[in-house]
Amino acid sequence: MKTLLVDSDLRRPVLDVLFTGSVRKTGLTSHLGHVIQWQDAVRETTVDGLYLLAAGVGVKNASEILSSRTMFTLIKEAKDAYGIVFFDSPPLLPVTDAAVLASFVDGVILVIRAEKTSREDVEHSMEILKSVNADVLGAVLTGVENTRYKGYDDYYHMHLKKRNEKK
């Protein structure tokens, strides 16, 4: 399915470096600043069917431009042009950017870092999302060390090896 990933972390964007190896000067902020059309900044990635709209140059008024009519229109147009649209935002608690976006999009996936995010922070995040009527679709837990199932590594490797030999 044709998927668009939008780097809407306008304070510390990283997706362009992760997917293209370089920082793009044109992107979301260029569109929100009425310099280009957003479609002109979308780039194909090495992942089949995945396209990236980089953040562009940094701005001081991130929350303000993310809550603009231009951003609302971009979200609507992107939904019409792509099967799935993801917006990567900064963390919810230190700034309001993510809450602003959450009020515009169809759903939110909360990312929680194991051993770093406290239960209180998760509860506070959920309260913020509820206050903007965000539809929380679920959560992703990152940074988990899988030492508990370490004994299954050999089993899975052996199973995969046997399956590949049959092909």
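Above this text sits the structure in question.
It should be emphasised that the depicted structure is a prediction, and the values quoted were computed from it without experimental measurement. (Residues numbered from 1 in each chain as written. Predicted model: local features only at pLDDT ≥ 70, side-chain atom pairs only at ≥ 80, totals over all residues. Heavy atoms only, no water.)

Visitor: Looking at this model, I keep getting lost on a nonpolar patch on the surface. Mind explaining?
Guide: Residues Met 1, Ile 84, Phe 86, Ile 109, Val 111, Leu 137 and Val 140 make up a contiguous nonpolar surface patch of roughly 690 Å² in combined accessible area. Those elements that place two or more of their residues in the nonpolar patch are strand 4 (84–88), strand 5 (108–113) and strand 6 (136–142). With respect to the helices and strands, Ile 109 occurs in strand 5. Ile 109 gets classed as partly exposed once you look at its relative accessible area, which sits at 45%. (Patch = residues over 30% accessible without salt bridge, like charges linked within 9 Å, V, L, I, M, F, W, Y side chains within 5 Å. Areas by Shrake-Rupley, 256 points an atom, 1.4 Å probe, with all protein chains shown as cover. Salt bridge = Lys/Arg side-chain N within 4 Å of Asp/Glu carboxyl O. Helix = DSSP H or I, 4+ residues; strand = E, 2+ residues; numbered from the N terminus. Buried < 20%, exposed > 50% of the residue type's maximum accessible area, 1.4 Å probe, protein only.)

Visitor: What is the right way to read the pairing of strand 3 (residues 50–53) from this model?
Guide: Two faces belong to every sheet, and in a regular strand the side chains alternate between them. Relative to strand 3, strand 1 (residues 3–7) runs parallel, the two sharing four bridges. When the sheet's bridge partners are listed, Leu 4 is paired in strand 3 with Tyr 51. Sheet analysis places strand 2 (residues 42–44) next to strand 3, joined by three bridges and oriented antiparallel. Bridge pairing in strand 3 links Glu 44 to Tyr 51. Taking the residues between adjacent antiparallel strands as the criterion, strand 2 and strand 3 are bridged by five residues, where Gly 49 takes a positive phi near 85°. (Pairing = 2+ DSSP bridges.)

Visitor: Looking at this structure, I do not really get the pairing of strand 1. What am I missing?
Guide: Summarising burial for strand 1: five of the five residues are buried, a large majority. Neither face of strand 1 is left uncovered, since the one carrying Thr 3, Leu 5 and Asp 7 and the one carrying Leu 4 and Val 6 both have all their residues buried. Where strand 1 meets strand 4, five bridges bridge the pair, whose relative direction is parallel. Each residue of the ladder has a partner; that of Thr 3, found in strand 4, is Ile 84.

Visitor: Teacher, can you tell me more about the sheet that holds strand 2 here?
Guide: Strand pairing in a sheet takes place through backbone hydrogen bonds and is either antiparallel or parallel in direction. Judged by pairing direction, the sheet is mixed, and its four strands sit side by side in the order 2-3-1-4 without closing on themselves. Two strands close off the open sheet at either side, each with one partner strand: strand 2 and strand 4. Sheet twist, expressed as the mean angle between neighbouring strand axes with direction ignored, is 25°. With respect to the sheet, helix 4 (residues 69–81) is in contact with strand 1, strand 3 and strand 4, its orientation differing from that of strand 4 by roughly 145°. (Axes fitted to C-alpha atoms, helices over the stretch in contact; angles between N-to-C directions. Contact = heavy atoms within 4.5 Å.)

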